[in-house]
Amino acid sequence: MSHAIEVRDLVFRYHLTEALHGITFHLDRGEVVGLLGPNGAGKSTTLKILTGTLPPTAGLASVHGFRLPDQSVEAKRVIGYVPEAAGLYESLTAQEFLEFIGRLREIEEKALKQKISTLLEVFDVAKQRLQRLATFSKGMRQKVLIAAALLHDPAILLLDEPLTGLDVGSSLMIKDLLSALAREGKTILYSSHVLDVVERVCNRVLIIHQGNLIADGTLDSLKDRTKGDTLEEVFRQLTHTTATEPLVSRALEAMKL
Amino acid sequence: MTVPRSPRDRILDFKLTRGMCARLGIDVRQYRLLLDLFAILSGRLEFLGTTIALKSIASGGFVISVLISLVAFAKPSLQNYLLLLLAWTMFFLLWILLEDASHSLLNADEASVLAHQPIAGPTYIAAKLTHLLLVLALFVPVMNVVPAIAALILDGTRWFYPLTHLLAAYLAGLFVAFLVCGIYGWLFRFVPAARLKSAVLWMQVLVALVPYLSNAMLAPVVAKAAASPWLPFRWFAAVGLLGQTASSGFPLWQAGIAVLVTCGLIAFGLRGFTADYLVRVSTMLQGSAPAARRISRTTGVKMLIRKLTGAPSGCGAFAFTGIMLRRDWHFRRRALPMILAYFIVLVGITVQGIKISPFVSGGLSVRSFSPMHIFPACLGIICLMPCGMLAFTAEPRGAWIFTIIPFERLRPFVRGIFLSLWLPIVVLTHLCVVIPCIWFWGAGHGLLFVFFSAALASLFLALAFLLVESLPFSSAFSAAKAENVRMGMILGFLIAALFVGIQWLVFHSVLLVIAAGAILLLMAVLVARAGFRKLEKEIRTELKLLQLGPQHLFKETERMT
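Conventions used here
What you see as residue numbers is a count from 1 along each chain, following the sequence as written. All chains are assigned letters beginning with A, and all ligands numbers beginning with 1, in the order in which they are written. This being a predicted model, a pLDDT of at least 70 is required before a residue's local features are given, and a value of 80 or more before pairs of side-chain atoms are given or counted; all residues contribute to the totals for chains, interfaces and linings. In DSSP terms, a helix is any run of H or I states spanning at least four residues, a strand is any run of E spanning at least two, and both are numbered starting from the N terminus. What the globule rule says is 2.2 Å times the number of residues to the power 0.38, and the radius of gyration is computed from C-alpha atoms. Field definition: a residue is buried when 20 or more other C-beta atoms are found within 10 Å of its C-beta, exposed when 12 or fewer are, and partly exposed for counts in between, with C-beta atoms placed from the backbone. Note on contacts: residues are paired as contacts if their backbone-placed C-beta atoms lie within 7 Å. Here the expected length of a helix is defined as 1.5 Å per residue gap, with one fewer gap than residues. The angle separating two fitted axes, one through the seven residues that finish at a residue and one through the seven that start at it, defines the bend at that residue. Only C-alpha atoms enter the line fits that serve as axes; for helices the fit covers just the stretch in contact. Angles between N-to-C directions range over 0 to 180 degrees. Roughly parallel covers angles under 35 degrees, roughly antiparallel covers those over 145, roughly perpendicular covers 65 to 115, and oblique covers all other angles. Here a crossing is called left-handed whenever its near helix is offset anticlockwise from the far helix by less than a right angle, and right-handed whenever the offset is clockwise. When residues are grouped by polarity, Ala, Val, Leu, Ile, Met, Phe, Trp, Tyr, Cys and Pro land in nonpolar, Asp, Glu, Lys and Arg in charged, and all others, Gly among them, in polar. Following DSSP output, two strands are said to pair if at least two bridges run between them. If the strands point away from the viewer and the path from the first strand over the helix to the second runs clockwise, then the crossover is right-handed. In predicted models, pLDDT denotes the confidence assigned by the predictor to each residue on a 0 to 100 scale. Take the buried Ala, Val, Leu, Ile, Met, Phe, Trp, Tyr and Cys residues, join any whose C-beta atoms are within 7 Å, and the set you get is a nonpolar core.

1. Some remarks on the overall build of chain A
And then number 1: Across its full length, chain A holds ten helices and ten strands.
And then number 2: Taking 2.2 N^0.38 as the reference for a compact globule, 257 residues should give roughly 18 Å; the C-alpha atoms of chain A span a radius of gyration of 19 Å, in line with that estimate.
And then number 3: Each principal axis of the C-alpha atoms in chain A carries an extent, and together these give about 55 × 50 × 40 Å.
And then number 4: Counting every position in chain A, which comprises 257 residues, the buried fraction comes to 42%.
And then number 5: Of the contacts formed within chain A by residues at least 6 apart in sequence, a portion of 66% connects residues at least 24 apart.

2. Describing the overall build of chain B
And then number 1: Regarding its fold elements, chain B presents 22 helices and zero strands.
And then number 2: Taking all 561 residues of chain B together, 39% fall into the buried category.

3. Structural notes on unusual backbone geometry
Residue and element names in this part refer to chain A.
And then number 1: Along the chain, Leu68 connects to Pro69 via a cis peptide bond; the corresponding omega equals 5°.
And then number 2: Considering the arrangement of structural elements, one finds Pro69 in the loop between strand 5 (66-68) and helix 2 (72-78).
And then number 3: The phi torsion at Glu106 lies on the positive side, around 60°, for a residue other than glycine.
And then number 4: Within the secondary structure layout, Glu106 lies in the loop between helix 3 (94-104) and helix 4 (109-122).

4. Brief notes about helix 7 (residues 121-150) of chain B
And then number 1: Here helix 7 of chain B contains 30 residues, and its C-alpha end-to-end distance of 44 Å stays within 8% of the 44 Å for a straight helix at 1.5 Å per residue.
And then number 2: Bending of helix 7 of chain B peaks at approximately 35° at the position of B:Asn144, with proline B:Pro147 no more than four residues after it.

5. Thoughts on the packing of helix 17 (residues 375-389) of chain B against helix 18 (residues 410-441) of chain B
Working note: a packed helix pair is described by the angle between its axes plus the distance between those axes.
Residues and elements named next belong to chain B.
And then number 1: Following both chains from N to C, one finds helix 17 and helix 18 inclined at 165°, their axes separated by 11 Å at the closest point. The pairing of helix 17 with helix 18 is recorded here as roughly antiparallel in orientation. Our pair here, helix 17 against helix 18, has a crossing hand that is right-handed. When helix 17 is examined against helix 18, the residues Leu379, Ile382, Cys383, Pro386 and Cys387 are found in contact with a partner set consisting of Leu421, Ile425 and Thr429.
And then number 2: Classifying every residue of the contact of helix 17 with helix 18 by side-chain character gives seven nonpolar, one polar and no charged.

6. A look at the pairing of strand 7 (residues 156-160) of chain A
Residues and elements named next belong to chain A.
And then number 1: The buried fraction of strand 7 is high, at five of five residues.
And then number 2: Going residue by residue along strand 7, you find Ile156, Leu158 and Asp160 tucked away on one face and Leu157 and Leu159 tucked away on the opposite face as well.
And then number 3: Where strand 7 and strand 8 (residues 187-191) come together, five bridges link them in parallel fashion. Within strand 8, the position partnered with Asp160 by the bridge is Ser191.
And then number 4: What joins strand 7 to strand 8 is helix 6 (residues 168-183), and the crossover it makes is right-handed.

7. Remarks on the confidence of the model for chain B
Fine structural detail should not be taken from predicted coordinates in areas where pLDDT scores are low.
All names here are of chain B.
And then number 1: Put simply, chain B has an average pLDDT of 78, and 79% of its residues get 70 or more.
And then number 2: Per-element mean pLDDT across chain B ranges from 48 in helix 22 (residues 550-560) up to 92 in helix 19 (residues 443-465).
And then number 3: Note that residues 47-51 has pLDDT below 50 and, in this model, eleven contacts with residues that lie over four places away or in other chains.
And then number 4: Contacts from residues 552-561, a stretch scored under 50 in pLDDT, to residues over four places away or in other chains number twelve contacts.
And then number 5: In the model output, the complex is listed with pTM 0.72 alongside ipTM 0.83.

8. Topic: the sheet that holds strand 5 of chain A
Residues and elements named next belong to chain A.
And then number 1: On the basis of which strands lie adjacent, the open sheet formed by four strands has the order 2-1-4-5 and antiparallel pairing. Of all strands in the sheet, those bounded by a partner on one side alone are strand 2 (17-27) and strand 5. Direction aside, neighbouring strands of the sheet carry axes that sit 30° apart on average.
And then number 2: For strand 1 (residues 5-14) and strand 2, the ladder comprises eight bridges, and the chain directions are antiparallel. Bridge pairing links Val11 to His21 in strand 2.

9. Focus on the sheet that holds strand 10 (residues 212-217) of chain A
All names here are of chain A.
And then number 1: Within the open sheet, the six strands sit side by side as 6-7-8-3-9-10. Their pairing is mixed. The sheet terminates laterally at strand 6 (79-82) and strand 10, the two strands that pair on one side only. For this sheet, the mean angle separating the axes of adjacent strands, direction not counted, is 15°.
And then number 2: Its contacts with the sheet place helix 5 (residues 138-150) against strand 6 and strand 7, and it is angled at close to 170° to strand 6.
And then number 3: Along the sheet, helix 9 (residues 231-238) makes contact with strand 3 (32-36), strand 9 (204-209) and strand 10, crossing strand 9 at roughly 30°.

10. Some remarks on the nonpolar core
And then number 1: Ranked by internal contacts, the top residues of the largest apolar core, which has 87 residues, are A:Leu98, A:Val144, A:Ala147, A:Leu158, A:Leu189, A:Tyr190 and A:Leu206.
And then number 2: For this core, the leading source of residues is helix 5 of chain A, giving seven residues.
And then number 3: In contact with A:Tyr190, other than residues within four places in its own chain, are A:Val32, A:Val33, A:Gly34, A:Leu35, A:Leu159, A:Val198, A:Val201 and A:Cys202.
And then number 4: Grouped together as the second largest cluster of nonpolar side chains are 71 residues, B:Ile382, B:Phe449, B:Phe460 and B:Leu520 included.

Have a look at this one:
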């Protein structure tokens, strides 16, 4: 049986810049994997390739056995994706937007209405369901995007910084929801900078640095490898993140110029 | 109870339609959903600047077509009359559809919403093409019904001519729609995603320039083309003349070959919209082409601006406006073609007029008129365009950045905006013409003309600056604001015409020129100050609104529209 997600020698080039230099990894069904890396490392690019939004320059990417980009429509049917930057039709209401997404995904009308109603209540935006998305705050938009990703009960969830803009209560709820989804056997690839969430939710971690996959393993194996006690220390060592003090003092100096 | 089905649904439910859609890879259910979505978005003005503009452009097209139909009273031959109308219809539609299609087919924001949804490229493209065909359905009758009926007064026209005329116009329109999509398809195939927007923009600029170039450069080509069977509007003329006593008068085999070749090229282009269409469009958001490296040579200018505006915020406004004038997609699409066109006219005026001094030695006569009398007014019209469009942007959400401007520093900020227009348009242009003016007319006359012209152009800019209603590049384009801009432009044209006449009278005496120049300069300063005060007040109000958050702003926008 094929992997839920398979990436082999994946290269992505944009203009003259190579964002991914041939990364290889796979996710089995039911795995919850954290995707970490500094800004510009290639995390979002990897996710966009897996959602069929970007075409790979070279290498293999497949989701649920569907090869990308050739079978991207089939792959998109089994994916729920929360993008990093929220693209929404601002003049639609939350209800209309979710109805549109649900219908695109061929959900029966009766079930769709129920799903929307429940998800909006769970995410605490039920009262604003008939307001246009242009009036929504960043967090509320994020909640609508998460609801849109979950509507069709996807087998695979690709999450790119899903907690951005969410309040504490909603963040806690999403974290618990992810754990529950993992128990249900969903495959989740979770990209984030928030290390404690990854530490809590994910049972395996991938670290991308400058377009290369520099670590792939369970938290314990990475801690053993780097002799670090926490994921933060593991991350610092693997990405060669230098001590922050000199940078802080330079920033302070620049501010006072 | 059964809900009555719409004609669209009935057509889509035909077995033949379903079979055709399946062959083309179009998912009928998703196609319907997308059409419904586009209709809702159009109704709610998501496509700002398209839906609104289309209605007003259609009314403009109607007025022009009524004027063209007056040609019928001059009793031209039916064939020439039809050719004129088809050429006009096709050019107008080309202009409209190039713009509308760029908004429709290259909408990266929309692609970012839909690219990860399971929609096949052909389905999305089919929905978009349907939208373009609806535009066509609006424009063709608006532009042709009156002229087609007016043609009945021409000799040898039979009663059914309006029907064949409309059929020919529809076919021509359809051809243009496919041609435009074909062109975009070609661009899709061969232009990298990040450069698509720029490529389309320059194509639009070229088309917008055609009317301005046609007299001087294209007239011989157009005259030759009108008689050629190889050109599209001649083919459709043959359809329009069906059953009439006049005939198209060209061998059909030539037209047949031309039709086949063109269809082949269009089909090749359309195939460019393949399954990865949404992916390609969303890739436009991935990044832009690397900006050309520039050596910083602006320190001196920055010092000068800092001094002229009186605060660093003025310098900031100058830099920001300057950059956005070059880069804002909305400004580049709406105003840049017109500005470029008028600059071409300005160059034409200078080339033709530089040898004829505007200083008149004899009495008043038409012979004493030099094209250079139009120069300052033409420059003034150029000032109108950026001022009219300055407040609008494709990305109004970025306007929050202005909330950091200290309220007590608004005046320097406003001065900085003004200087960002005055320096390149008025000062730089006159620096370019000062040497040729001195060369041809002598130092005295040359410098005096430049002084007068710069004063007049500055006054125009100051007047145009009154049109700026809010922070630069901070608002979405709206119907109400567009109407204000249009009225301002019409008024500006009238004032410009008045000043051309005044200048011609004044240039009979050097002393008068000096006096008029000084008065104009003084007026420019006074009007500019009034403009600063007005804009400062409006920005203050807008900043307060911005600080209240997006929800309040949205309600404001709704109230206005």
